[in-house]
Amino acid sequence: MVKICCIGAGYVGGPTMAVIALKCPSIEVAVVDISVSRITAWNSDHLPIYEPGLEDVVKQCRGKNLFFSTDVEKHVSEADIIFVSVNTPTKTQGLGAGKAADLTYWESAARMIADVSKSNKIVVEKSTVPVKTAEAIEKILTHNSNGINFQILSNPEFLAEGTAIQDLFNPDRVLIGGRETPEGQKAIQALKNVYANWVSEDRIICTNLWSAELSKLAANAFLAQRISSVNAMSALCEATGADVAEVAHAVGKDTRIGPKFLNASVGFGGSCFQKDILNLVYICECNGLPEVANYWKQVIKVNDYQKNRFVNRVVSSMFNTVSGKKIAVLGFAFKKDTGDTRETPAIDVCKGLLGDKARLSIYDPQVTEDQIQRDLSMKKFDWDHPIHLQPMSPTSVKQVSVVWDAYEATKDAHGICILTEWDEFKALDYQMIYDKMQKPAFLFDGRNIVNVEKLREIGFVVYSIGKPLDHWLGDMPAVA
Ligand code: NAI
């Protein structure tokens, strides 16, 4: 029986391995982590992450050919194929601080693999890493190997949170990069055989190591760039009276461009886009390509601009002050159908409003109060470290209350900010909400999900990103 071990039981390691176990009943899969609380949760009825369909997959395989454990060394030493799916945060100190990837967790995983291995292994980079990381990993492994042969593969993950299980069941492509030696090709084939259990051959792309590593960074940069492009247009739409939804529709109809990822919003979030672009920027700079670095840097700058612009709209519309006013924040996760708040635009928007002394009442169907308080008091990039290494019980932000109902959040509020596109926010009884709010009642839709006309009929002053402005707002331009 082939044995797989995955180091890192997070958003990628957990779902990916659960699907491999489901689709490959003859393979034994162990997912290991240094975080005891995460592993305990994976072994319980309350999985550590919310992902539609995940629970069902885990329940079908757990205890049969899928195991979650903290006994990292045992499972690594027994495995034939080891996936490494640990955090790769942005460095906060030293060389490359604020840009380069921090490979501390990766390096310690590699050293541990070398220490405990007694048979040949295939080591698979699942984490997103800077191009050429495999070379460093190879050196660590071979210099500590005691004669054991390690083959390094790059197999970046392209799943999107919120649709992870669907994406894993039916991936657009699986990418496997390896050495162009006979041993490297043999290792590629071994991993290909795993995916071939459910992915058709034409969707499995095999490349050299560096192409595979770079393709993941490139894919995230291209995706984020589309969002920043449409968001940049949204600002121009507001200035000119064009409607960004109409522009995006017309542009996306061009088959060379395509319709996906063209929704204007308060900005992109998630654990990967910013981190991976910063990493790409750093790699370009290190390779003497400042023009290329600056090009990609701009994608992040536009994203920051969009978040600032949103906060400024809120404040300037509400008579240039939100001090002491209650603002209801609907949605905190970085997108719908996930409880993940890493780099969510809600953090910057809330911090901006708190900076202007607003009182916030926040509701998200999947995010806990503890998580929101942590996010609002944590330092930039601190989130991307194993939970047990994050700062404990940060002081809670007093002007923030977290409630479990959108109606409770909006009661007596002066304004509402919709920051996540949860379906339930489309179906709220806005008349009832309006009746219980302070007047004039403002609604700022950061995801363009409400029916603007209907809400204006009710009496709301509505701001919707990139849409023709309410007369009220037109008189109060928001300069970022
Ligand atoms: P995560 O933070 O949810 O999970 C990483 C896990 O690794 C943590 O539970 C941590 O405790 C564990 N860990 C760290 N060092 C360890 C060690 N030495 N031994 C055992 N366990 C260790 O991170 P996530 O989101 O799963 O991301 C992992 C990698 O995958 C990152 O490089 C990320 O950029 C990449 N990625 C993430 C995607 C996403 O949607 N979240 C999508 C595609 C790639």
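Preceding block: the structure.
Fair warning: this is a prediction, and the values are worked out from it, not measured in the lab.

A. Summary view of the pairing of strand 10 (residues 359-363). Among the five residues of strand 10, four are classified as buried, and the element is accordingly described as predominantly covered. Pairing geometry for strand 9 (residues 326-330) and strand 10, over five bridges, is parallel. The residue bridging K326 from the neighbouring strand is R359, located in strand 10. Of the crossover connections in this fold, the one passing from strand 9 over helix 13 (residues 345-355) to the parallel strand 10 is right-handed.

B. Spatial organisation of the site of the ligand. In the neighbourhood of the ligand, 26 residues make up the surrounding shell, with D33, R38, T88, E161 and K275 lying closest. Y11 places a polar main-chain atom, nitrogen or oxygen, 3.0 Å from an oxygen atom of the ligand. At 2.6 Å from an oxygen atom of the ligand is found a side-chain nitrogen or oxygen belonging to K275. Coverage of the ligand by the protein chains reaches 94% of its 830 Å² of free accessible surface. Of the residues contributing to the shell around the ligand, the split by class is nine nonpolar, ten polar and seven charged.

C. Looking closely at the packing of helix 12 (residues 290-317) against helix 13. In contact at an axis separation of 9 Å, helix 12 and helix 13 are set at 40 degrees when each is read in the N-to-C sense. In this view, helix 12 runs oblique relative to helix 13, as classed from their interaxial angle. Helix-helix and strand crossings are classified by hand; for helix 12 and helix 13 the assignment is right-handed. For the pair helix 12 and helix 13, contact is made by K307, F310, V311, V314 and V315 and by P345, D348, V349, G352 and L353, respectively. In terms of residue class, the contact of helix 12 with helix 13 is built from seven nonpolar, one polar and two charged.

D. Spatial organisation of the pattern of salt bridges. Tallied over the full model, the rule gives 23 salt bridges. Residues D243 and K467 are paired through a salt bridge, measuring 3.6 Å at the closest nitrogen-oxygen approach. Residue D243 is found in the loop between helix 9 (209-240) and helix 10 (244-252), and its partner K467 is found in the loop between strand 14 (461-464) and helix 18 (471-474); the two are separated by 224 residues along the sequence.

E. Here's a closer look at the packing of aromatic side chains. Applying the stated criterion across every chain, the model contains 13 aromatic pairs. Summarising the aromatic geometry, the rings of Y434 and F460 are spaced 5.2 Å apart at their centres and angled 65 degrees between planes, so their arrangement reads as edge-to-face. Note that Y434 is positioned in helix 16 (residues 430-435) and F460 in the loop between helix 17 (452-458) and strand 14, a separation of 26 residues in sequence. For the pair shown, Y434 and F460 are each scored as buried. Clustering of aromatic rings is evident, with ring pairs tying together F310, F319, F442, F444 and Y463. Taking NZ or CZ as reference, K23 lies 4.4 Å from the ring centre of F169, over its face. Here K439 stacks its cationic end above the ring of Y434, 4.7 Å away from the centre of that ring.

F. Seen up close, the layout of surface pockets. Of the volumes computed, that of the second largest pocket is approximately 290 Å³. If you trace the second largest pocket, you find 16 residues lining it, with D80, I122, K186, A187 and A190 closest to the centre. Only strand 5 (121-125) and helix 8 (182-195) provide two or more residues apiece to the lining of the second largest pocket. Of the residues forming the lining of the second largest pocket, the biggest block, six residues, is contributed by helix 8. Its residues placed into classes, the lining of the second largest pocket shows seven nonpolar, five polar and four charged.

Thresholds, definitions, all that
- Residues numbered from 1 in each chain as written.
- Predicted model: local features only at pLDDT ≥ 70, side-chain atom pairs only at ≥ 80, totals over all residues.
- Heavy atoms only, no water.
- Buried < 20%, exposed > 50% of the residue type's maximum accessible area, 1.4 Å probe, protein only.
- Helix = DSSP H or I, 4+ residues; strand = E, 2+ residues; numbered from the N terminus.
- Pairing = 2+ DSSP bridges.
- Right-handed = clockwise from strand over helix to strand, strands pointing away.
- Near = heavy atom within 4 Å.
- Polar contact = N/O pair within 3.5 Å; in protein donor to acceptor, adjacent residues only side chain to side chain.
- Areas by Shrake-Rupley, 256 points an atom, 1.4 Å probe, with all protein chains shown as cover.
- Nonpolar A, V, L, I, M, F, W, Y, C, P; charged D, E, K, R; others polar.
- Axes fitted to C-alpha atoms, helices over the stretch in contact; angles between N-to-C directions.
- Parallel < 35°, antiparallel > 145°, perpendicular 65-115°, else oblique.
- Left-handed = near helix turned anticlockwise from the far one by under 90°.
- Contact = heavy atoms within 4.5 Å.
- Salt bridge = Lys/Arg side-chain N within 4 Å of Asp/Glu carboxyl O.
- Phe/Tyr/Trp six-rings, centres within 6.5 Å; stacked < 30°, edge-to-face > 60°.
- Lys NZ or Arg CZ within 6 Å of the ring centre and 35° of its normal.
- 1 Å grid on protein atoms, 1.4 Å probe; cavity = no way out; pocket = protein on both sides within 12 Å on 5 of 7 lines; lining within 4 Å.
- Points joined across faces, edges and corners; volume = space filled by probe spheres on them.

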